[in-house]
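# Reading the structure
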Amino acid sequence: MEQSEQNVAAQTETETQTQTQTRLPKPAALEETLPVSATPTGAEIFKTQNVSIYYSSFRAVTDVSLDIYENEITAFIGPSGCGKTTVLRTLNRMNDLVPGARVEGDVKYRGESLYAKGVSPIAVRRRIGMVFQKPNPFPKSIYDNVAYGPRINGEHNKKKLDEIVEKSLRGAALWDEVKDRLKNSGLGLSGGQAQRLCIARTLAVEPDVVLMDEPCSALDPIATGAIEDLMREIKSQYTIVIVTHNMQQATRVSDRTAFYSVLRDEKSDTRTGVLVEYGPTTQIFEDPHDSRTQAYVTGRMG
Ligand code: ADP
Ligand code: MG
């Protein structure tokens with residue numbers, strides 16, 4: 001898994017060399033004519049409708065419909081194998097890289113169908129970045145890890161790159177810890193620092209959305225706290241979707257929570273992931289409407 005995620009990260013960035021046309025709308029935050037402050041908040045970033053996701057003939061997830069909003073942190077929770085990662089990867093077409101994976105239904109990003117003909121998955125992944133469970137720095141210097149994406153996108157001006165690297169590392173709350181050793185290998189960082197480096201690498205290409213798949217599961221509580229602080233700090237500029245198995249984390253950082261579960265069909269002996277309940281995080285944890293959500297958030301299941 002580790003190796004394949006490393007490959008996916010590298011492949012995603014390498015693919016950006018192909019300057020494929022895209023019909024995706026430009027996110028408001030990147031429009032030069034529209035100041036960020038004029039960006040209406042509460043806009044729908046993603047709208048999935050009746051999305052089912054298959055791995056070959058296995059239907060891993062069935063009928064997921066949910067809206068994800070700008071400048072919010074949306075948490076995906078639920079027992080292992082219920083499809084959280086599968087749905088998350090559908091939001092930036094990372095599943096395209098999994099042989100046999102197929103998406104049915106509609107996934108809209110800022111009103112445009114993410115899976116429509118003419119939409120470049122490479123452009124999608126540049127706009128919608130991903131941070132993996134296990135920190136996966138490239139075997140390069142700290143500086144080169146962060147400068148990697150911008151360079152591939154054609155930025156070779158040393159001064160510009162210096163600025164991007166500093167801004168991204170500051171954005172990922174790592175600058176002060178590494179500013180005197182930017183030439184050192186990214187592989188020499190602690191787990192928490194390495195994960196913040198991966199976040200900086202993601203921020204360096206100015207994404208619109210950051211997807212995080214259990215980004216703290218390999219980290220100690222202090223490093224976890226640092227990542228959570230960071231998420232709260234950057235959410236005014238980005239939209240974040242985070243998969244977490246840690247329910248306290250969901251309550252601490254997220255605005256909305258989606259609870260997924262596994263639906264078993266005894267007769268056909270099949271199982272599939274479903275979205276059970278989605279709402280404001282306080283409602284999901286304090287006043288769940290579905291008995292399955294209640295059982296899960298009170299620790300009686302999963
Ligand atoms: P979660 O992230 O909630 O633990 P996943 O999205 O990883 O769940 O998995 C959902 C289901 O899809 C599981 O039954 C899992 O075994 C299956 N699955 C995940 N990835 C693949 C894959 N690459 N090929 C086949 N099945 C997969
Ligand atoms: Mg997962």
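Residues numbered from 1 in each chain as written. Chains lettered and ligands numbered in written order. Predicted model: local features only at pLDDT ≥ 70, side-chain atom pairs only at ≥ 80, totals over all residues. Heavy atoms only, no water.

## Digging into the overall build of the protein
Within the protein, the secondary structure is distributed over eleven helices and ten strands. Going through the 302 residues of the protein one by one, you find that 53% of them count as buried. Restricting the contact set of the protein to residue pairs at least 6 apart, pairs at least 24 apart contribute 70%. (Helix = DSSP H or I, 4+ residues; strand = E, 2+ residues; numbered from the N terminus. Buried < 20%, exposed > 50% of the residue type's maximum accessible area, 1.4 Å probe, protein only. Contact = heavy atoms within 4.5 Å.)

## Here's the deal with the nonpolar core
The nonpolar side chains of a soluble globular protein tend to be buried, and buried together. Grouped together as the largest cluster of nonpolar side chains are 45 residues, with contacts concentrated most on Leu 169, Ile 199, Met 212 and Met 231. Sequence-distant contacts of Ile 199, that is, excluding residues within four places in its chain, are made with Val 131, Ala 172, Met 212, Ile 227 and Leu 230. Listed in part, the 32 residues of the second largest apolar core include Leu 66, Ile 68, Val 87 and Val 241. (Core = buried A, V, L, I, M, F, W, Y, C linked by side-chain atoms within 4.5 Å.)

## Considerations on the packing of helix α7 (residues 191-203) against helix α8 (residues 221-234)
In the contact formed by α7 and α8, the axes pass within 9 Å of each other and the chain directions differ by 20°. Classified by the angle their axes make, α7 and α8 are roughly parallel. Between α7 and α8 the crossing geometry is right-handed. From α7, Gly 192, Gln 195, Arg 196, Ile 199 and Leu 203 reach across to α8, where they touch Ala 223, Ala 226, Ile 227, Leu 230 and Ile 234. Taken together, the residues that form the contact of α7 with α8 break down as seven nonpolar, two polar and one charged. (Axes fitted to C-alpha atoms, helices over the stretch in contact; angles between N-to-C directions. Parallel < 35°, antiparallel > 145°, perpendicular 65-115°, else oblique. Left-handed = near helix turned anticlockwise from the far one by under 90°. Nonpolar A, V, L, I, M, F, W, Y, C, P; charged D, E, K, R; others polar.)

## What to know about α7
For α7, which comprises 13 residues, the first-to-last C-alpha distance of 18 Å matches the rise-based estimate of 18 Å (1.5 Å per residue) to within 8%. With twelve of 13 residues buried, α7 lies mostly within the body of the structure. Those residues of α7 lying buried are Gly 192, Gln 193, Ala 194, Gln 195, Arg 196, Leu 197, Cys 198, Ile 199, Ala 200, Arg 201, Thr 202 and Leu 203. (Expected span 1.5 Å × (residues − 1).)

## Digging into the site of ligand 1
Around ligand 1, the structure places 13 residues, and the nearest of them are Gly 81, Gly 83, Lys 84, Thr 85 and Thr 86. A distance of 2.7 Å separates an oxygen atom of ligand 1 from a polar backbone atom of Gly 81. In the environment of ligand 1, an oxygen atom lies 3.0 Å from a nitrogen or oxygen atom belonging to the backbone of Gly 83. Against a free-state accessible area of 560 Å², the protein chains account for coverage of 63% of ligand 1. Elements with a contribution of two residues or more to the shell around ligand 1: β2 (58-69) and α2 (84-90). Residue contributions to the shell around ligand 1 peak at three residues, all from α2. Class assignment of the residues belonging to the shell around ligand 1 gives a composition of six nonpolar, five polar and two charged. (Near = heavy atom within 4 Å. Polar contact = N/O pair within 3.5 Å; in protein donor to acceptor, adjacent residues only side chain to side chain. Areas by Shrake-Rupley, 256 points an atom, 1.4 Å probe, with all protein chains shown as cover.)

## A short note on the packing of aromatic side chains
The full count for this structure, using the stated rule, is four aromatic pairs. Directly above the aromatic system of Tyr 143 lies the positively charged group of Lys 183, at a separation of 5.1 Å from the ring centroid. (Phe/Tyr/Trp six-rings, centres within 6.5 Å; stacked < 30°, edge-to-face > 60°. Lys NZ or Arg CZ within 6 Å of the ring centre and 35° of its normal.)

## Some thoughts on the pairing of strand β8 (residues 239-243)
Among the five residues that make up β8, five are buried, leaving the element largely enclosed by the rest of the structure. Two elements, strand β3 (residues 73-77) and β8, share four bridges in a ladder whose sense is parallel. Bridging from a neighbouring strand, Phe 76 pairs with Val 243 of β8. Direction of pairing for strand β7 (residues 209-213) relative to β8: parallel, over a ladder of five bridges. Of the residues in β8, the one forming a bridge with Val 209 is Thr 239. In terms of handedness, the path from β7 via α8 over to β8 forms a crossover that is right-handed. (Pairing = 2+ DSSP bridges. Right-handed = clockwise from strand over helix to strand, strands pointing away.)

## Some details on the environment of Ala 116
Position of Ala 116 among the secondary structure elements: in the loop between β5 (112-113) and α3 (121-127). In this structure, the C-alpha to C-alpha distance between Ala 116 and Asp 106, residues ten residues apart in sequence, is 9.2 Å.

## Quick look at the side chain of Thr 239
Locating Thr 239 in the fold gives a position in strand β8. Of the residues examined, Thr 239 reaches a relative accessible area of 1% and is grouped as buried. If sequence neighbours within four positions are ignored, Thr 239 has contacts with Ile 45, Ile 68, Tyr 69, Glu 70, Asn 71, Glu 72, Asp 208, Val 209 and Val 210.

## Some points on the pattern of salt bridges
Here the structure, examined in full by the defined rule, presents 19 salt bridges. We note a salt bridge from Arg 232 to Asp 229, for which the minimum N-O separation is 3.0 Å. Of the two residues, Arg 232 and Asp 229 are both situated in helix α8; the distance of three residues between them amounts to about one turn of the helix. Overall, Asp 229 belongs to the partly exposed group, its relative accessible area being 42%. (Salt bridge = Lys/Arg side-chain N within 4 Å of Asp/Glu carboxyl O.)

## What to know about the confidence of the model for the protein
Taken over all residues, the pLDDT of the protein has a mean of 88, while the share at 70 or more is 86%. Within the model, pLDDT remains below 50 along residues 11-21, and this stretch shows 26 contacts once partners closer than five positions in the same chain are excluded. Low pLDDT, under 50, characterises residues 28-39; the stretch is placed with eight contacts to residues that sit more than four places away or in other chains. (pLDDT = per-residue confidence, 0-100.)

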